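Understanding the architecture of this molecule
Residues per chain, in single letters:
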Amino acid sequence: MLGYLVDLMRLSRDGIRDNRLLWLLIAGFALFPIFTHFADLPFWNDVAMRIMLLGMAAMGLNLVLGYGGMVSFGHAAFIGIGAYCVGISQFYGITNGWAHLLFSLVACGAAGLVIGYLALRTSGIYFIMITLAFAQMLFFLFVSLETYGGDDGMSIDRAAFGVVDLYDPLRLYFLTWICLALVGLALMFIVRSRFGVTLRAIKSNESRVEAMGLVPLRFKITGYVISAVICGLAGALFASWQEYVSPDIMHWTRSGELMIIIILGGLATLAGPLLGAIVFLLLEEMLPWLLGVVAPAYAENWMILFGPILIMVVMFGRGGLVGLLDRWWAADKAGRSVR
Amino acid sequence: MTMTLILEQTFNGLQAGVTLFLVAAGLTLILGIMDFVFLAHGAQVMIGAYAAAAITGATGNFYLGLLLAIPVTFASGYLLEFLIIRHLYQRDHMEQVLATFGLILFFNEVIRIGFGPAALYSDLPPSLSGFVEILPDTPYPAYRLAVILAGLVLALAIHLFVSRTRVGAMVRAGANNPMMTAALGINIKILFRLIFATGACFAGVAGMLLGPLTSVQPGMGEPLLILSLVVIIIGGIGSVRGAFIAAIIVGLVDTLGRVFLPALLRLVIDQAAADGAGPALASMLVYILMALVLIFRPTGLFPAKGS
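Within chain B, the regular secondary structure consists of eleven helices and two strands. Along chain B, from the amino end to the carboxyl end, the secondary structure elements read α-α-α-α-β-β-α-α-α-α-α-α-α. Since a compact globule built from 307 residues should have a radius of gyration of about 19 Å, the 20 Å found for chain B is in line with a globular shape. Each principal axis of the C-alpha distribution contributes one length, and for chain B these read about 60 × 50 × 35 Å. Taken across its 307 residues, chain B has 51% of its residues classed as buried.

Written out as structure tokens, the structure reads:
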């Protein structure tokens, strides 16, 4: 046990700035409602909520995408399954929020196991496409399930979480925050554990890992299931917060969004997805406003700037925002040591 | 009555299949030869449809619209490759997904600003707006028939080009092993650009042909893009022949599944359950097909890459 902890400490040295940044951001989310309360900007609580949920889902996806090198283009499906578990269990009269969360996690774990088992037989572009295909399959399944609202979706009453009364929106905010912190903590341990190191080794050279006597597929599937469960948690919280769920939540563009958030923030970093979600959603809020000031007639067409920004990020931004901060820090340190 | 319905729906499936093939033909080469995940191919469909609709609207002549829109789509593909895509070949798939996703957003917004968010409807020329009797007492819209014919002619042309010409041989060699092809002294950069522009052109033609059948609106190419990705994966990345066969299969399965699957299910399970499950299953059918193909043949039906 002690040896294991020492191992953990040694391994975590390379990601120490990453860790610090992650907890700085999470702490920021805890303090944010105080700021919005005094600045009288309650709307921004909603934005922060969306950032936390999308960030959480992106953190889950990052485990397979960044650390595992498996480019899944269908993780929106797990957000959708998580969200629909809340809706469907309420449809059948189950109002306990903890039960909803449990159903979501179990359902997403099972779905992740099945999809992962089938999809991980392929690799490269084929893997991207088969994950997309499974997501589309589920998307159209929920579109055509008229019982659960079909295309229009279904509205959900806010669930009862026992002692935690969620009629006060701030309580749900903090429930989400606790989940985010738990996910962050779990991922911090997972990526530095033996399992996480193996996953990263598979990314850089799968046959070598196999030659060492390990079965890469097992690690990949496990990673896939964990990430599916995290996305499901985000989806379940999303549904109880919005009090509404529709197939839109699992549209294929959402999978693209998650990928964008990760690459924007920094692949295979802990803080990256959260930082990416902050920048992504702030851009979504700020660009229309900015365009409204410069060219009011085109305020709705903010995506005309957003698209090129994404292309720029790919063309010039290596390593995402965390990479940028890292380089900046490194330069700062070098500058100081010269002085 | 049922025979008529089956025949009619088979023709509709064929029409969906050939238009899918036009989108997939270029995309399969882009994926296969350049190993490039190009999601903005749907935007090329949209550009083609809008170009044709705009030129038809301005000149009043449908055929002139089609004819003049072709160089527009070719130019847009050529420019896109030259300005952006060629810088991204060396990047990994994820970054390509991200950049081309950005392109989708950009193109949709450009079209929205240029033509407004509402859908355009273009009228059919009088010569194609009637019906043709494909069998005695079985009328079928002339325009859909024309689309099928045009698609088949283009498919034949693509097939002959790829299998019989010198450039076609280069394309096949490129799909099989791009590095070796370049080492044999073939200017693979120019080849890439031409494939890209031609592929964009075919996608544009698909958009033009579909214009009068569906609504021409921003984002119209995206459902078609997803379906053509399914086609490409089923057919095997980089294989034009595979794309054709898979496109026809997907077109038929999708169209016929939607019409007949609920009825077929009703024979097996009780009506209420069938009415619920039928449409759900029908809309999932092509994706189930793709997943099955990938599970049993992980590189598609006709893989182009040498092993």
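After that view of the structure, there is still more to cover.
Right, let's get into the overall build of chain A. Within chain A, the regular secondary structure consists of 14 helices and two strands. Rg of the C-alpha trace for chain A: 20 Å, near the compact-globule value of 20 Å for 339 residues, within the 12% margin. With the C-alpha coordinates of chain A rotated into their principal frame, the extents come out at 60 × 50 × 40 Å. Residue burial in chain A is summarised as follows: out of 339 residues, 47% are buried.

Contact residues are listed per partner, giving 39 residues for chain A and 40 residues for chain B. Of all elements in the fold, only helix H6 (125-144), helix H11 (252-265) and helix H13 (303-316) of chain A reach the threshold of two or more residues within the side of chain A that touches chain B. Among the elements that make up the side of chain A that touches chain B, the one with the highest residue count is H6 of chain A (14 residues). Grouping the constituent residues of the side of chain A that touches chain B by class yields 30 nonpolar, seven polar and two charged.

Attention now goes to helix H9 (residues 221-235) of chain B. Residues and elements named next belong to chain B. With 15 residues, H9 should cover 21 Å at 1.5 Å per step; its first-to-last C-alpha distance of 20 Å lies within 8% of that length. A large share of H9 lies buried, amounting to 14 of its 15 residues. Where H9 ends, the next residue or the one after it, Gly236, has phi of about 100°, a positive value.

Turning to H13 of chain A, a few remarks are in order. The terminal C-alpha atoms of H13 of chain A lie 19 Å apart, and with 14 residues this matches the ideal 20 Å at 1.5 Å per residue to within 8%. Residues Met303, Gly307, Leu310, Ile311, Val313 and Val314 of chain A constitute the buried set of H13 of chain A. The buried residues of H13 of chain A occupy an angular sector of 155° when the element is viewed end-on, so they sit on one face. Within H13 of chain A, the exposed residues directed more than 90 degrees away from the buried face are Met312 and Phe316 of chain A. If you follow the buried residues of H13 of chain A, they end up packed against H11 of chain A together with helix H4 (93-115) of chain B.

This part is about the environment of Pro273 of chain A. All names here are of chain A. The residue Pro273 is located in helix H12 (residues 272-294) in this model. Owing to 35 C-beta atoms within 10 Å, Pro273 belongs among the buried residues under this scheme. For the pair Pro273 and Met52, spaced 221 residues apart in sequence, the C-alpha separation works out to 10.0 Å. Beyond its immediate stretch of four places on either side in the chain, Pro273 contacts Gly55, Ala58, Met59, Asn62, Ile261, Ile262 and Gly265.

Residues and elements named next belong to chain B. Considering the arrangement of structural elements, one finds Leu64 in helix H3 (residues 62-83). Through-space distance from the C-alpha of Leu64 to that of Ile6 is 35 Å; in sequence the pair is 58 residues apart. The residues touching Leu64, leaving out its near neighbours within four places in the chain, are Ile55 and Thr59.

So, on to the pairing of strand S2 (residues 138-141) of chain B. All names here are of chain B. Relative to S2, strand S1 (residues 131-135) runs antiparallel, the two sharing four bridges. Bridge pairing in S2 links Val132 to Tyr140. Once S1 ends, the chain turns through two residues before running back antiparallel as S2, passing Asp137 with a positive phi of about 65°.

Another point: the packing of helix H4 (residues 76-91) of chain A against H6 of chain A. Residues and elements named next belong to chain A. Contact geometry of H4 with H6 gives a least axis separation of 9 Å together with a crossing angle of 30°. Here the hand of the crossing between H4 and H6 comes out left-handed. Contacts between H4 and H6 pair Ala76, Ala77, Gly80, Ile81 and Tyr84 from the former with Phe134, Ala135, Leu138 and Phe142 from the latter. Its residues placed into classes, the contact of H4 with H6 shows eight nonpolar, one polar and no charged.

Turning our eyes to something else, we now look at the environment of Leu291 of chain A. Residue and element names in this part refer to chain A. Relative to the assigned elements, Leu291 resides in helix H12. Distance in space between the C-alpha atoms of Leu291 and Cys179 is 35 Å, their sequence separation being 112 residues. Not counting chain neighbours up to four residues away, the residues in contact with Leu291 comprise Tyr298, Ala299 and Trp302.

By size, the foremost hydrophobic cluster in this structure holds 214 residues, and its most contacted members are Ala57 of chain A together with Val230 and Val231 of chain B. Looking at which element gives the most residues to this core, the answer is H6 of chain A, with 16 residues. Ignoring anything within four residues of it in the chain, the contact list for Ala57 of chain A reads His75, Ile79, Ile230, Cys231, Ala234 and Leu258 of chain A.

Residues and elements named next belong to chain B. It is at 5 Å that the axes of helix H5 (residues 142-164) and helix H6 (residues 166-176) come closest, and there the two elements cross at 80°. With respect to H6, the element H5 is oriented roughly perpendicular. Along the contact surface, H5 presents Phe161, Val162, Ser163 and Arg164, while H6 presents Gly168, Val171 and Arg172. Classifying every residue of the contact of H5 with H6 by side-chain character gives three nonpolar, two polar and two charged.

Here we come to the confidence of the model for chain B. All names here are of chain B. When pLDDT is averaged across chain B, the result is 84; 97% of the residues are at 70 or more. By mean pLDDT, S1 is the weakest element of chain B at 74, and H3 is the strongest at 88. Both scores are given for the predicted complex: the pTM is 0.86, the ipTM 0.81.

Here we come to unusual backbone geometry. Residue and element names in this part refer to chain A. Its identity as a non-glycine residue notwithstanding, Glu243 has a phi of 55°, on the positive side. Within the secondary structure, Glu243 is located in the loop between helix H10 (216-242) and strand S2 (244-245). Looking at Glu243, the number of C-beta atoms within 10 Å reads 13, which means it is partly exposed. Of note, Ala268 is a non-glycine position whose phi angle comes to about 55°, a positive value. The topology assignment puts Ala268 in the loop between H11 and H12.

Moving on, we get to the confidence of the model for chain A. Mean pLDDT over chain A: 83, with 91% of residues reaching 70 or higher. H10 of chain A holds the highest mean pLDDT among the elements of chain A, 92, whereas helix H1 (residues 2-12) of chain A holds the lowest, 52.

The rules behind the values
Residues numbered from 1 in each chain as written. Chains lettered and ligands numbered in written order. Predicted model: local features only at pLDDT ≥ 70, side-chain atom pairs only at ≥ 80, totals over all residues. Helix = DSSP H or I, 4+ residues; strand = E, 2+ residues; numbered from the N terminus. Rg over C-alpha atoms; globule rule 2.2 N^0.38 Å. Buried ≥ 20, exposed ≤ 12 C-beta atoms within 10 Å, placed from the backbone. Contact = placed C-beta atoms within 7 Å. Nonpolar A, V, L, I, M, F, W, Y, C, P; charged D, E, K, R; others polar. Expected span 1.5 Å × (residues − 1). Arc of directions from axis to C-beta. Pairing = 2+ DSSP bridges. Axes fitted to C-alpha atoms, helices over the stretch in contact; angles between N-to-C directions. Left-handed = near helix turned anticlockwise from the far one by under 90°. Core = buried A, V, L, I, M, F, W, Y, C linked by C-beta atoms within 7 Å. Parallel < 35°, antiparallel > 145°, perpendicular 65-115°, else oblique. pLDDT = per-residue confidence, 0-100.

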